[in-house]
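# Chain and residue survey
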Amino acid sequence: MRFFSRYTFRFSLCLVLVTLMFVLICTCLIPPVLKNALLESKRNFMLQSSEFVLTPLENGHFNSVMASVPKDNAMRLIIADSRLTVIHDSATQGNIKGKYLVLPGVDKAFSGEAYYNAYSEKNDFVYNMLRSFTFDGNDYVLFMRYTDGDSAQLFKTCKQVCIFSGILLLLVPVALLIAQIVSFNKSITNLSNSITHLTTGKYVPGQADTASDEIADISRHLDEFAAHQAKTEELRRTFVSDASHELKTPLAAVKLLSDTILLTPKMSHEDVREFLTDISNEIDRLTRICTRLLQITKFDAFSDKADLVPLDLATVAENVSRMLSKSATAAGLDLRCEIQDGCYVSANYDLVFQVFYNLIENAIKYGADGNEVRIFLYQKDSSVIFIVDDDGAGIPENDLKRIFDRFYRVDKARSRATGGTGLGLSIVATAVATCRGTVEAQNRSPHGARFIVRFPSCPKPTANEDGEPS
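Before going into details, it helps to say that this report is about the structure given with it. Values in this document were obtained by computation on a predicted structure and should not be read as measured data. (Residues numbered from 1 in each chain as written. Predicted model: local features only at pLDDT ≥ 70, side-chain atom pairs only at ≥ 80, totals over all residues. Heavy atoms only, no water.)

### What about the sheet that holds strand β4 (residues 124-135)?
- Strand order in this open sheet of five strands is β2-β1-β5-β4-β3, and the pairing throughout is antiparallel. Edge positions in the open sheet fall to β2 (86-89) and β3 (115-121), since each of these has one partner strand only. Strand-to-strand twist of the sheet, defined as the mean angle between neighbouring strand axes without regard to direction, takes the value 20°.
- Alignment of β4 against strand β5 (residues 138-148), held across eleven bridges, turns out to be antiparallel. Residue pairing for β5: F133 is matched across the bridge by Y140.
- Relative to β4, helix α2 (residues 43-58) is tilted by about 35°, and along the sheet it contacts β1 (75-81), β3, β4 and β5. (Pairing = 2+ DSSP bridges. Helix = DSSP H or I, 4+ residues; strand = E, 2+ residues; numbered from the N terminus. Axes fitted to C-alpha atoms, helices over the stretch in contact; angles between N-to-C directions. Contact = heavy atoms within 4.5 Å.)

This is the structure in structure tokens:
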């Protein structure tokens, strides 16, 4: 039952039916129509010929009429009286003079109607005409028969041409249709196998059909989906591995420190206090990692449902700068801001706040002592650009492409010293993408790092009657 439901079988069945219909039309419909047309084509000829003959017959010129009939047996004239006895027959072979004329249509002819019929006989077309006439007060009937071999041969030739041309004309579309069926079957089979492999987790991206039909489009979309799934799965494995490693390190430290305290009964109060301080720091580190993980999870779930509204980024930048100014001062850095007012973008306040906060906080952490962190916000063309510069050591070229990956840290020892988790820039990339923006990292000359965030600008919202943005 499965075989009969496959598209290949349906196409093949349609091909067979179309072929049969075409052959039937060429062999069973066109030839009979052509034949009838040829048989009926002589009706007027026979009618006019009988009219030409009847005039001398009505004047009694029987012998002269019979003598004028050609001797090639193509035309035959038979005259019978009212009792249907043949009194004249122009045929030299098979002459029936003195016999009875028994033919269909005689009654119609005696009633004054011209009776015509035609049929094929062996290799000839035969045309018959029956007409009645009166001579010397007596009724007679004229039977005129015309045998046409040329028309029959023409019909035979036309029939053969029709059949052969029909077959020849059918070969090309049939060959094309067969090729299409084979191609379609191959594409469907490949697509079915790909879907089966995808459902079982065995699909390898890069196997999409290179054709340009609808099935190939589906195959390419499937390949893109498989590639996305493979990338997502790889990111998931990497994330789980990195998260496990990051959580394992402080937990191992807490375990080691606590076991040391338990296994050292006579440990001094100062040593215990130092160990407990280290344990507290590792717990704080665990808390930061968990908080960052929760933020990433929140942003991932929030990305498709974020409420993006017209927002002046100058207000956000000023708030974040004011909050982090004390941290910059404590790190021995000056926080210099060049912020342009009226930089409106369609964004979410919480997401933009997190972006600005993380970038400025990183610049403060990794900026060199005695220098400054510079913040720029301005509008250029159809974009709003936010830049954070620092005078630190910069970012190695090999790390620039991975700086926004989760748990990726350029200097792991320094990151741990500063409390870094390797998740801050990943949160920045997720938040910026949710707000339809882009972010990139660059190195400054001669040293230092630069982070550039670009958002598409939007018109300034107009105020309603209550003075609130609408």
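### Some details on the sheet that holds strand β7 (residues 334-339)
- The strand order across the open sheet formed by five strands is β7-β9-β10-β12-β11, and the pairing between neighbours is mixed. Each of the sheet's edge strands pairs with one partner strand only, and the pair in question is β7 and β11 (438-443). The sheet shows a mean angle of 15° between the axes of neighbouring strands, taken without regard to direction.
- As defined by bridge partners, β11 adjoins strand β12 (residues 449-456) across six bridges and the pair is classed as antiparallel. By the bridge assignment for β12, V439 is matched with V453.
- This element, helix α11 (residues 424-434), spans β11 and β12 of the sheet and lies at about 140° to β11.

### Some remarks on the packing of aromatic side chains
- Across all of its chains, the model carries eleven aromatic pairs by this definition.
- Measuring from ring centre to ring centre gives 6.0 Å for F62 and F133, while their planes differ by 45°; the resulting arrangement is tilted. Of this pair, F62 sits in helix α3 (residues 62-67) while F133 sits in strand β4, placing them 71 residues apart in sequence.
- Classification of F133 as buried rests on a relative accessible area of 3%.
- Put simply, the rings of F62, F133, F135 and Y140 pair up and form one aromatic cluster.
- Taking NZ or CZ as reference, K42 lies 5.5 Å from the ring centre of F45, over its face. (Phe/Tyr/Trp six-rings, centres within 6.5 Å; stacked < 30°, edge-to-face > 60°. Buried < 20%, exposed > 50% of the residue type's maximum accessible area, 1.4 Å probe, protein only. Lys NZ or Arg CZ within 6 Å of the ring centre and 35° of its normal.)

### Topic: helix α8 (residues 313-330)
- The end-to-end C-alpha distance of α8, which contains 18 residues, comes to 26 Å, matching closely the 26 Å that a straight helix rising 1.5 Å per residue would cover.
- Most pronounced at L324, the bend in α8 amounts to some 40°.
- For α8, every residue scored as buried is listed here: L313, A314, V316, A317, N319, V320, S321, L324 and A328.
- Its side-chain oxygen placed 3.2 Å from the backbone nitrogen of A314, D312 serves as the N-cap of α8.
- Backbone geometry just downstream of α8 places G332 in the positive-phi region, at approximately 75°. (Expected span 1.5 Å × (residues − 1). Bend = angle between axes of the 7 residues up to and from the residue. Polar contact = N/O pair within 3.5 Å; in protein donor to acceptor, adjacent residues only side chain to side chain.)

### Describing the pattern of salt bridges
- Inspection of the entire model under this criterion finds 14 salt bridges.
- Between E338 and R336 there is a salt bridge, and its shortest N-O distance comes to 2.5 Å.
- The exposure class of E338 is partly exposed, given its relative accessible area of 41%.
- Residue R336 is classed as partly exposed on the basis of its relative accessible area of 32%.
- Across the pair R454 and E440 runs a salt bridge, and its minimum N-O distance is 2.8 Å. (Salt bridge = Lys/Arg side-chain N within 4 Å of Asp/Glu carboxyl O.)

### With respect to the pairing of β1
- Counting buried residues along β1, seven of its seven residues qualify, which places the element largely inside the surrounding structure.
- Neither face of β1 is exposed, since M75, L77, I79 and D81 on one face and R76, I78 and A80 on the opposite face are all buried.
- Relative to β2, β1 is paired through three bridges, and the arrangement is antiparallel. Bridged to I78 within β2 is D89.
- Taking the residues between adjacent antiparallel strands as the criterion, β1 and β2 are bridged by four residues, where L84 takes a positive phi near 65°.

### Some remarks on unusual backbone geometry
- Positive phi values are uncommon outside glycine, yet K122 reaches one of about 55°.
- For K122, the position within the fold is in the loop between β3 and β4.
- At D136, a position not held by glycine, the phi torsion is positive, near 55°.
- Within the secondary structure, D136 sits in the loop between β4 and β5.
- Take D136: its relative accessible area is 66%, and that puts it in the exposed class.

### As for helix α9 (residues 349-366)
- Across its 18 residues, α9 extends 26 Å between first and last C-alpha, which sits within 8% of the 26 Å expected from 1.5 Å per residue.
- Counting buried residues in α9 gives 13 out of 18 residues, a clear majority hidden from the surface.
- The opening residue of α9, the one whose side-chain oxygen lies 3.1 Å from the backbone nitrogen of D350, is N348.

### So, the environment of Y119
- By the element assignment, Y119 lies in strand β3.
- Using a relative accessible area of 30% as the deciding quantity, one classes Y119 as partly exposed.
- For the pair Y119 and T147, spaced 28 residues apart in the sequence, the C-alpha separation amounts to 9.9 Å.
- Sequence-distant contacts of Y119, defined by excluding residues within four places in its chain, comprise L39, D124, F125, V126, N128 and R145.

### A few points about the packing of α9 against α11
- Put simply, α9 and α11 touch, their axes get as near as 9 Å, and they point 145° apart. Crossing angle aside, the handedness with which α9 passes α11 is left-handed. Residues L351, Q354, V355, N358, L359 and N362 of α9 pack against G424, L425, I427, V428, A431, V432 and T434 of α11.
- Of the residues contributing to the contact of α9 with α11, the split by class is eight nonpolar, five polar and no charged. (Left-handed = near helix turned anticlockwise from the far one by under 90°. Nonpolar A, V, L, I, M, F, W, Y, C, P; charged D, E, K, R; others polar.)

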